[in-house]
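The lines below spell out each chain.
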Amino acid sequence: MIARMSLAQPTTTTTPSEQPASDDKEIVETVARLRRAFDSGVTRPLEWRLSQLKQFAAMLRDNEPAMIEALRQDLGKPEFEAWIGEIGFLMGDVSYAIKHLPKWLKPRKVKTPLAAQPAKARVYSEPLGVVLIIAPWNYPIQLALAPLVGALAAGNCAVIKPSEVAPASSALMAKLIPKYFDRDAVVVVEGGVPETTTLLAQRFDHIFYTGNGTVGRIVMEAAAKHLTPVTLELGGKSPAIVDRDVDLDVAARRIVWGKFFNAGQTCVAPDYVLVHESMEQALIERLRATLRDFYGDDPKQSPNYARVVNKRHHARLSRLLDSGEKVVGGETDVESKYIAPTVLRNVDPGSPAMADEIFGPILPVLTVPDVDAAIRFINERPKPLALYVFTRDKDCAARVLERTSSGGACVNDAVSHLLPPELPFGGVGPSGMGAYHGKAGFDTFTHKKSVLDKPTYVDPSLRYPPYGSDKLKWAKRLI
């Protein structure tokens, strides 16, 4: 996107022949066409919004096999991971929005103070206008279309910029979107850095970007020229703390699942583990056994294990394998973009694997003398997108949650805090700003307009000149 974006990792571009591109004139006219559609008022009625969301659901149902195939081509995603992590996730999000949108749209009554009486005060949710959604490659369909749920529910027009690093998914969305959505309200612009740069030069009413912090700064700088609000879904090194008092078998299964789902290319994957020093060896043995249970003796042959997105990222990840002692995995094959599920120990906190988000199937395991040390380790680093703590001690879990800051968190699980639609998803500090999913997505793409409706049948003179001591006395009593 302005150079793709990994949900927080280095960017990758493709050659012009790999993906169609729109020229500057076409992009400018596309944004102008959406602006005209929004200004006409066509997107505001509840009926229009619901119709678009129902078409959204139909698109997912009708094209499930095509989407699964595109995800297989782009990332080697197993069918189960493609469905649960992308298509099924979107189906749930759309269904939730359809069910709750009429309630979300109702003006919210608020109390009117005595000084403003008689009057009625309400908060209205109005659409922002024309929004831009810039998506990454790791969940190329879900992360392009999940923000669209909130944008449409809120009554906006939207430009979607898919990742050029996932060309099959990008092409499929460019083909399907015009068939199912209002063509004057939702469009896909394919391409790479030049197209994204042109898009960012246009005036939008909101920009929703998912990717890395480097590009996030570029997006924010471009948005500032038009005073456009932004949502930045970035990433960071999400830690997993494993306490001494823990169900180690369950912890190992959930860490392995969260880490190696989509070959580790998930923004909220556990990036590294901080384990109590007395539990290190036992945890490593269980991680090893769990990986064998999940993917067999040779994960390269497993139909359940995805691939690294491209050779550039494969080379980047391969360099990280020397950051510690490889106790599980470590095998690579550049031609098939395969990196085995890998666990490292004796990892120096200053090593390359600990410098930036790994965003791949490599899990460093570091030891700490106690949970307080783990908390200090986390707080010395940028705020992560997610944090996981595995413990049977409720006081320990509460201490971790109270003394650390992260976009979201799980106790005794990983990644699954994304599933409840009523839990807003977003980062904090370097891991992002703003949130979405469920009503949070609707709120992201709406302006909360405050309206006071005051009748004319009574018009007290208290607030009008000429002022006097008696009027001031009454004003002090009323306010």
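Scroll up for the structure.
Values in this document were obtained by computation on a predicted structure and should not be read as measured data.

Focus on the overall build of the protein
Per the secondary structure count, the protein includes 15 helices and 18 strands. Relative to a compact globule of 479 residues, whose C-alpha radius of gyration would be 23 Å, the protein shows 25 Å and is just as compact. C-alpha atoms of the protein, sized along the principal axes, occupy 85 × 55 × 35 Å. Looking at the protein residue by residue over its 479 residues, the buried ones come to 56%. Partitioning the intrachain contacts of the protein with sequence separation of at least 6 by distance along the chain shows that 74% fall at a separation of at least 24. With an accessible surface of roughly 20,600 Å², the protein has 54% of that area assigned to carbon and sulfur atoms. Where the 59 positive side-chain charges of the protein centre and where its 55 negative ones centre are 9 Å apart.

Looking at the side chain of aspartate 243
For aspartate 243, the position within the fold is in the loop between strand S8 (239-242) and helix H9 (248-260). One buried charged side chain, aspartate 243, makes no salt bridge at all; its nearest oppositely charged neighbour is arginine 244, positioned 5.7 Å away. At 2.7 Å, the side chain of aspartate 243 forms a polar contact with the side chain of threonine 391. Those residues in contact with aspartate 243 that lie beyond four places of it in its chain are His276, Met279, Val371, Phe390, Thr391, Asp393 and Cys396.

As for the layout of surface pockets
Counted as a void, the second largest pocket has a volume near 360 Å³. Lining the second largest pocket are 16 residues; nearest its centre among them are Ala115, Pro460, Leu462, Arg463 and Leu478. At four residues, the largest contribution of residues to the lining of the second largest pocket is made by helix H15 (residues 469-478). Its residues placed into classes, the lining of the second largest pocket shows eleven nonpolar, one polar and four charged.

A few points about the packing of aromatic side chains
Per the counting criterion, the structure on display carries twelve aromatic pairs. The interplanar angle of 25° and the centroid separation of 5.9 Å between the aromatic rings of phenylalanine 208 and phenylalanine 445 together place this pair among those described as stacked. With a gap of 237 residues between them, phenylalanine 208 in strand S6 (residues 206-210) and phenylalanine 445 in the loop between helix H14 (438-444) and strand S18 (446-453) connect regions that are remote in the sequence. The pair phenylalanine 208 / phenylalanine 445 is uniform in exposure class, with both members buried.

Comments concerning the side chain of histidine 417
Looking at the element boundaries, histidine 417 is found in the loop between strand S16 (408-411) and strand S17 (432-433). The contact partners of histidine 417, leaving out residues within four places of it in the chain, are Val268, Ala386, Tyr388, Gly408, Ala409, Cys410, Leu423 and Phe425.

Here's the deal with the nonpolar core
Core analysis: the biggest nonpolar cluster contains 122 residues, and Phe56, Leu145 and Leu148 have the highest contact counts within it. The biggest single contributor to this core is helix H4 (residues 79-105), with ten residues. Beyond its immediate stretch of four places on either side in the chain, leucine 145 contacts Phe56, Met59, Leu90, Ile160, Met173 and Ile177.

Observations concerning helix H5 (residues 142-153)
Working note: α-helix, 3.6 residues per turn, so residues spaced by three or four point in the same direction. Over its twelve residues, H5 extends 17 Å from the first C-alpha to the last, a length consistent with the 16 Å expected when each residue adds 1.5 Å. Within H5, twelve of the twelve residues are buried, leaving the element largely enclosed by the surrounding structure. At the C-terminal side of H5, glycine 155 shows a positive phi close to 90°.

Here's the deal with the sheet that holds S18
With antiparallel pairing, three strands are arranged side by side in an open sheet as S1-S2-S18. Pairing within the sheet leaves two strands with one partner each, and these edge strands are strand S1 (108-110) and S18. Neighbour to neighbour, the strand axes of the sheet diverge by 30° on average, direction disregarded. Judged from the three bridges that link them, S1 and strand S2 (residues 120-127) form a sheet pairing that is antiparallel. Looking at S2, one finds that lysine 109 is bridged to arginine 122.

Remarks on the pairing of strand S3 (residues 130-134)
Here S3 lies mainly inside the structure; five of its five residues are buried. Where S3 and strand S4 (residues 157-161) come together, five bridges link them in parallel fashion. Bridging across to S4, valine 130 finds its partner in cysteine 157. Handedness of the crossover joining S3 and S4 through H5: right-handed. In this structure, S3 lies alongside S6, joined through four bridges in parallel fashion. Following the sheet pairing, isoleucine 133 is matched in S6 by phenylalanine 208.

A closer look at helix H3 (residues 64-75)
Compared with the 16 Å implied by 1.5 Å per residue over twelve residues, the 16 Å span of H3 between its first and last C-alpha is a close match. Listed as buried for H3 are Met67, Ile68, Ala70, Leu71, Asp74 and Leu75. Angularly, the buried residues of H3 cover 160° about the axis, an arc narrow enough to put them on a single face. In the core, the buried residues of H3 are packed alongside helix H2 (46-62), H4 and helix H6 (167-180). Just beyond H3, the residue with positive phi is glycine 76, at close to 65°.

Observations regarding the sheet that holds strand S10 (residues 325-328)
Spatial ordering of the open sheet is given by S10-S13-S14-S9-S8-S15-S16, a layout of seven strands whose pairing is mixed. Looking at strand neighbours, the two that pair on one side only are S10 and S16, the edges of this open sheet. Adjacent strand axes in the sheet meet at a mean angle of 25°, parallel and antiparallel pairs treated alike. Two strands pair when backbone bridges link them, and strand S15 (residues 386-390) and S16 are joined in this way by four bridges, in the parallel orientation. Note that in S16 the partner of tyrosine 388 across the bridge is cysteine 410. Packed onto the sheet, H9 meets S8, strand S9 (272-276), strand S13 (342-345), strand S14 (362-368) and S15 and runs at close to 140° relative to S14.

Points about the pattern of salt bridges
With the rule as written, the count across this model stands at 23 salt bridges. Two residues, arginine 36 and glutamate 29, come together in a salt bridge whose shortest N-O distance is 2.8 Å. Owing to a relative accessible area of 39%, glutamate 29 belongs among the partly exposed residues under this scheme. Close ionic contact of glutamate 380 with arginine 381 constitutes a salt bridge, the shortest N to O distance being 3.5 Å. You can call glutamate 380 exposed: its relative accessible area is 60%. Within this structure, Arg35, Arg203 and Asp205 form a network of salt bridges that share partners.

Quick notes on the rules
- Residues numbered from 1 in each chain as written.
- Predicted model: local features only at pLDDT ≥ 70, side-chain atom pairs only at ≥ 80, totals over all residues.
- Heavy atoms only, no water.
- Helix = DSSP H or I, 4+ residues; strand = E, 2+ residues; numbered from the N terminus.
- Rg over C-alpha atoms; globule rule 2.2 N^0.38 Å.
- Buried < 20%, exposed > 50% of the residue type's maximum accessible area, 1.4 Å probe, protein only.
- Contact = heavy atoms within 4.5 Å.
- Areas by Shrake-Rupley, 256 points an atom, 1.4 Å probe, with all protein chains shown as cover.
- Lys, Arg positive; Asp, Glu negative; His and termini not counted.
- Charge placed at Lys NZ, Arg CZ, Asp CG, Glu CD.
- Salt bridge = Lys/Arg side-chain N within 4 Å of Asp/Glu carboxyl O.
- Polar contact = N/O pair within 3.5 Å; in protein donor to acceptor, adjacent residues only side chain to side chain.
- 1 Å grid on protein atoms, 1.4 Å probe; cavity = no way out; pocket = protein on both sides within 12 Å on 5 of 7 lines; lining within 4 Å.
- Points joined across faces, edges and corners; volume = space filled by probe spheres on them.
- Nonpolar A, V, L, I, M, F, W, Y, C, P; charged D, E, K, R; others polar.
- Phe/Tyr/Trp six-rings, centres within 6.5 Å; stacked < 30°, edge-to-face > 60°.
- Core = buried A, V, L, I, M, F, W, Y, C linked by side-chain atoms within 4.5 Å.
- Expected span 1.5 Å × (residues − 1).
- Pairing = 2+ DSSP bridges.
- Axes fitted to C-alpha atoms, helices over the stretch in contact; angles between N-to-C directions.
- Right-handed = clockwise from strand over helix to strand, strands pointing away.
- Arc of directions from axis to C-beta.

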